[in-house]
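Per-entry structural report
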Amino acid sequence: MQDYISANLPAIDFDQTLQFYAFLGFQCSYQSQQWMIIQRGTLQLEFFHHPQLNSKDSWFSACIRTQNLQSLFEQWQALDWTQYPHAEITEIEHLDDIDLFCMIDPNGSLLRCIQSKQVN
């Protein structure tokens, strides 16, 4: 395995967090009482147990860099988000250098899903 950096986000409850991310296609690859790692293809997120966190006060975030933002957006947007009333997904924004959409998970963490625009 090569060296890498992984985002570490809080999880108020591991079971509920895993249920939400499984909804997005992630699978758990490791879990202890204090730590959980989930993966979806090459995407990996790590969570630390933070039961005291108030999701409305969370300032945690991570970026998901992808080569096919439209496909990821279509897959996730097509899901039944009413199952998770404290989670949300935004529409795609087209900025100068990037396209992005955002997602807020049930722990209040912001995930910015980003695709860089190719410069010709």
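Throughout what follows, the structure given in this document is the object of discussion. Predicted, not measured: the structure shown is a model, and the values here were computed from it.

Taken in spatial order, the four strands of this open sheet run 1-4-3-2, and their pairing is mixed. The open sheet has two edge strands with one neighbour each: strand 1 (7-11) and strand 2 (27-31). When the angles between neighbouring strand axes are averaged without regard to direction, this sheet yields 30°. In this sheet, strand 4 (residues 43-49) lies alongside strand 3 (residues 35-40) in antiparallel orientation, the contact comprising six bridges. If you follow Arg 40 over to strand 4, its bridge partner there is Leu 43.

One can find Gly 108 in the loop between strand 8 (98-104) and strand 9 (110-116). Between the C-alpha atom of Gly 108 and that of Gln 44, which follows or precedes it by 64 residues, the distance is 18 Å. Excluding residues within four positions of it along the chain, Gly 108 makes contact with Ser 55, Ser 58 and Phe 60.

Before going further, it helps to examine the pairing of strand 5 (residues 61-65). Residues of strand 5 alternate between two faces, with Ala 62 and Ile 64 buried on one and Ser 61, Cys 63 and Arg 65 left unburied on the opposite face. Where strand 5 and strand 9 come together, five bridges link them in parallel fashion. Bridging from a neighbouring strand, Ser 61 pairs with Leu 110 of strand 9.

Membership of the largest hydrophobic core comes to 29 residues, with the highest contact counts inside it found for Phe 20, Tyr 21, Leu 24, Phe 47 and Trp 76. Counting only elements with at least two residues in this core, the list comes to strand 1, helix 1 (14-23), strand 3, strand 4, strand 5, helix 2 (69-77), strand 8 and strand 9. With sequence-adjacent residues up to four places away left out, Phe 47 is seen in contact with Leu 9, Pro 10, Ala 11, Phe 14, Thr 17, Tyr 21, Gln 34, Trp 35, Met 36, Ile 38 and Asp 105.

A few words now on the pattern of salt bridges. Counted by the stated rule, this structure contains one salt bridge. Between Asp 99 and Lys 117 there is a salt bridge; the shortest N-O distance is 3.5 Å. Placement of Asp 99 in strand 8 and of Lys 117 in the segment after strand 9 is noted, with a sequence separation of 18 residues between them. Since its relative accessible area comes to 33%, Lys 117 is described here as partly exposed.

We now examine helix 1. Among the residues making up helix 1, those that are buried are Phe 14, Thr 17, Phe 20, Tyr 21 and Phe 23. Looking at the buried residues of helix 1, the elements they touch are strand 1, strand 2, strand 3, strand 4, strand 8 and strand 9. Regarding helix 1, its N-cap is Asp 13, as a side-chain oxygen of that residue lies 3.0 Å from the backbone nitrogen of Asp 15 further along.

Sheet topology places strand 2 next to strand 3; four bridges connect them, and they run antiparallel. Paired with Gln 27 across the bridge in strand 3 is Gln 39. Linking strand 2 to strand 3, which pair antiparallel, is a turn of three residues. If you look at the hairpin formed by strand 3 and strand 4, you'll find two residues sitting between the two strands, and Gly 41 has a positive phi there, around 60°.

What counts and how
- Residues numbered from 1 in each chain as written.
- Predicted model: local features only at pLDDT ≥ 70, side-chain atom pairs only at ≥ 80, totals over all residues.
- Heavy atoms only, no water.
- Pairing = 2+ DSSP bridges.
- Helix = DSSP H or I, 4+ residues; strand = E, 2+ residues; numbered from the N terminus.
- Axes fitted to C-alpha atoms, helices over the stretch in contact; angles between N-to-C directions.
- Contact = heavy atoms within 4.5 Å.
- Buried < 20%, exposed > 50% of the residue type's maximum accessible area, 1.4 Å probe, protein only.
- Core = buried A, V, L, I, M, F, W, Y, C linked by side-chain atoms within 4.5 Å.
- Salt bridge = Lys/Arg side-chain N within 4 Å of Asp/Glu carboxyl O.
- Polar contact = N/O pair within 3.5 Å; in protein donor to acceptor, adjacent residues only side chain to side chain.

Any link to function would need more than the numbers given here.
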